[in-house]
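This is what each chain is made of:
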Amino acid sequence: WYQRRVHGNIVGGGNWSTPLLIHTDYGNAVPPPTTPKPYFMNSGPDQLTFGWTSVKDGGSQILYYGVLGNLTNNTMIAVYSQLFIRVDGLVASTEYCLKVRGVNTIGPGSYSELFCGRTSLPSIPDPPYLSPYPLSASSKSLTITWSPGKSNGEPITNYEIQRTDWWIDRSFYTVYTGNVNPYTESTNLLPATSYSFRIRAWNSVGWSNWSAPIDYVTDQAGNCGNPDDVLVYKNTKSSMKRNIQGCIIRCAASGASCVPPCINRTVGLSIPCAQCWADEGSCTLKYCVTECLNPTSQACQQCSKDNCFPACVICSGVPEYFFPP
């Protein structure tokens, strides 16, 4: 008998491997005896694992165990240095059989009795795994990707994605159903804002559980698309327009430079962001004097929207959807 172990590479010596016990052939060596009948170890809807007991080597070192059956498409598979075989990619609720024999340097032994096992019924998929980071992000969109979970016997054919909406304090709601990965969400997203996403998968058995939620953050943009000003937008959306109009009226005699500090004090927007809204007010006074004799009229709102909102969107970095009503 001899023991052998190895270690090392071109860089240097690693830890030693587990010793391998080998021996030279006996003078009267023969093929191994019949391998005991295999036994069942584990199953799933698309995999089976079978094991078997080692046999005496017949006086010649066992080289491998040969496995044969419809489990292996009736092709003999050599299994080295282990006493089990796992085969994936099987059909759910289907019987698979195998037999095993030991092979030494003299030749193969006799096959064991045939042993059969059945894959389990298909089940719902495992939840997909959302990437912890967006594939890409801008101030107006988020592109996310995921890895599928196990299909559990039936192919995954669909995904459902949900997200939250911080602006209206809305919990998870569906934004996408389909089978295209990655997915880009670009509907009414604020800059510098965190959105929570989750996903689940569908096969013919049903929907998986939801994945763990992942938070993704849009990029900052413009003079208002930052965390502080976006928070002010949300907290003052019912009073912001009225207070900005009040600053424009109060500052009419003092000049344009009066407006941004007034908006900063009364609304809470930063000076650079307040400047965008001061410019929007000046634009409205320039192009919409007649329409805005009544500042709350539909005509005033439409004139300001048509003539002044585009520049304010660019300056502020905030989409028009989030402008105060």
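Rules behind the numbers
- Residues numbered from 1 in each chain as written.
- Predicted model: local features only at pLDDT ≥ 70, side-chain atom pairs only at ≥ 80, totals over all residues.
- Heavy atoms only, no water.
- Helix = DSSP H or I, 4+ residues; strand = E, 2+ residues; numbered from the N terminus.
- Rg over C-alpha atoms; globule rule 2.2 N^0.38 Å.
- Buried < 20%, exposed > 50% of the residue type's maximum accessible area, 1.4 Å probe, protein only.
- Contact = heavy atoms within 4.5 Å.
- Disulfide = S-S within 2.5 Å.
- Pairing = 2+ DSSP bridges.
- Axes fitted to C-alpha atoms, helices over the stretch in contact; angles between N-to-C directions.
- Phe/Tyr/Trp six-rings, centres within 6.5 Å; stacked < 30°, edge-to-face > 60°.
- Lys NZ or Arg CZ within 6 Å of the ring centre and 35° of its normal.
- Expected span 1.5 Å × (residues − 1).
- Core = buried A, V, L, I, M, F, W, Y, C linked by side-chain atoms within 4.5 Å.
- Polar contact = N/O pair within 3.5 Å; in protein donor to acceptor, adjacent residues only side chain to side chain.
- Arc of directions from axis to C-beta.

Participant: Before we move on, can you summarise the overall build of the chain with the specific residues and values?
Facilitator: Counting secondary structure elements, the chain contains 6 helices and 19 strands. For a compact globule of 325 residues, the expected C-alpha radius of gyration is about 20 Å, and the chain comes in at 35 Å, more than 25% above that figure. A buried classification covers 41% of the 325 residues belonging to the chain. Long-range pairs, those at least 24 residues apart, make up 61% of the contacts in the chain with a sequence separation of at least 6.

Participant: Tell me what's going on with the state of the cysteines, and back it up with residues and numbers.
Facilitator: The final tally for this structure, using the stated rule, is 8 disulfides. The partner cysteine of C97 in its disulfide is C116, sulfur to sulfur 1.9 Å. For the disulfide bridge between C97 and C116, the dihedral angle about the S-S bond is near 100°, and by the sign convention the bridge is right-handed. With C97 in strand β8 (residues 95-104) and C116 in strand β9 (residues 115-118), this residue pair connects regions lying 19 residues apart in the sequence. What pairs with C292 in a disulfide is C300, and their sulfur atoms sit 2.0 Å apart. Given an S-S torsion of about 90°, the disulfide between C292 and C300 has right-handed geometry. We classify C292 as buried; its relative accessible area is 15%.

Participant: Can you lay out the sheet that holds strand β7 (residues 84-88) for me, pointing to particular residues and giving the numbers?
Facilitator: Strand order in the open sheet made by the 3 strands is β3-β4-β7, with antiparallel pairing throughout. This sheet does not close on itself; its edge strands, each paired only once, are β3 (39-44) and β7. The average undirected angle you get between the axes of adjacent strands in this sheet is 15°. Where strand β4 (residues 47-51) meets β7, 5 bridges bridge the pair, whose relative direction is antiparallel.

Participant: Help me get a handle on the pairing of β9, residues and values and all.
Facilitator: Only one face of β9 is buried, namely the one carrying F115 and G117, since none of C116 and R118 on the opposite face is buried. By the bridge criterion, 4 bridges tie β8 to β9 in an arrangement that is antiparallel. Each residue of the ladder has a partner; that of E95, found in β9, is R118.

Participant: Please give an account of the packing of aromatic side chains that cites residues and values.
Facilitator: Counted by the stated rule, this structure contains 13 aromatic pairs. Measuring from centroid to centroid gives 5.0 Å for W167 and F322, while their planes differ by 80°, and the two rings are edge-to-face. One end of the pair, W167, is in the loop between β14 (158-165) and β15 (170-178); the other, F322, is in the segment after α6 (309-316), and 155 residues separate them in sequence. Since its relative accessible area comes to 8%, W167 is described here as buried. Site record: aromatic cluster; members linked through ring pairs are Y233, W277, F309 and F323. One residue, K99, lies across the ring of Y111, its end atom 4.9 Å from the ring centre.

Participant: Outline helix α4 (residues 271-287), supporting the account with residue identities and numerical values.
Facilitator: An ideal rise of 1.5 Å per residue puts 24 Å on 17 residues; α4 measures up with 24 Å between its terminal C-alpha atoms. Taken together, the buried positions of α4 are C273, A274, C276, W277, A278, E280, G281, C283 and T284. Residues of α4 that are buried sit in contact with α1 (227-235), α2 (240-250), α3 (259-266), α5 (298-307) and α6.

Participant: A description of the sheet that holds β9 should follow, citing residues and the corresponding values.
Facilitator: Reading across the sheet, the 4 strands line up as β6-β5-β8-β9 and stay open at both edges, with antiparallel pairing between neighbours. Since the sheet does not close on itself, it has two edges, and those belong to β6 (77-79) and β9, each with one partner. Sheet twist, expressed as the average angle between the axes of neighbouring strands with direction ignored, equals 35°.

Participant: Quick rundown of the nonpolar core? Include the residues and the values.
Facilitator: Residues L130, I161, F197, Y233, I263, L269 and W277 are the most contacted members of the largest nonpolar core, which totals 41 residues. Not counting residues up to four positions away in its chain, the partners in contact with I263 are I244, C247, G268, L269, A274, W277 and A278. If you look at the next biggest cluster of nonpolar residues, it comprises 15 residues, including L48, W52, Y65 and V87.

Participant: Account for the side chain of N203, naming residues and giving values.
Facilitator: Examined against the element boundaries, N203 turns out to sit in strand β17 (residues 194-203). Owing to a relative accessible area of 0%, N203 belongs among the buried residues under this scheme. At 2.9 Å, the side chain of N203 and the backbone oxygen of S123 are in polar contact. Residue contacts for N203: discarding those within four places in its chain leaves S123, I124, P125, S151, E154, P155 and I156.

Participant: Describe the environment of N223, and please don't skip the residues or the numbers.
Facilitator: In this structure, N223 sits in the loop between β19 (214-217) and α1. N223 sits in the partly exposed class, given a relative accessible area of 33%.

Participant: Any chance you could break down α5 for me, citing the residues and the numbers?
Facilitator: The set of residues buried in α5 consists of C300, C303 and S304. Here the buried residues of α5 occupy an arc of 95° about the axis, which is enough to place them on one side. Contact partners of the buried residues in α5: α4 and α6.

Distances and angles like these do not, on their own, reveal function.
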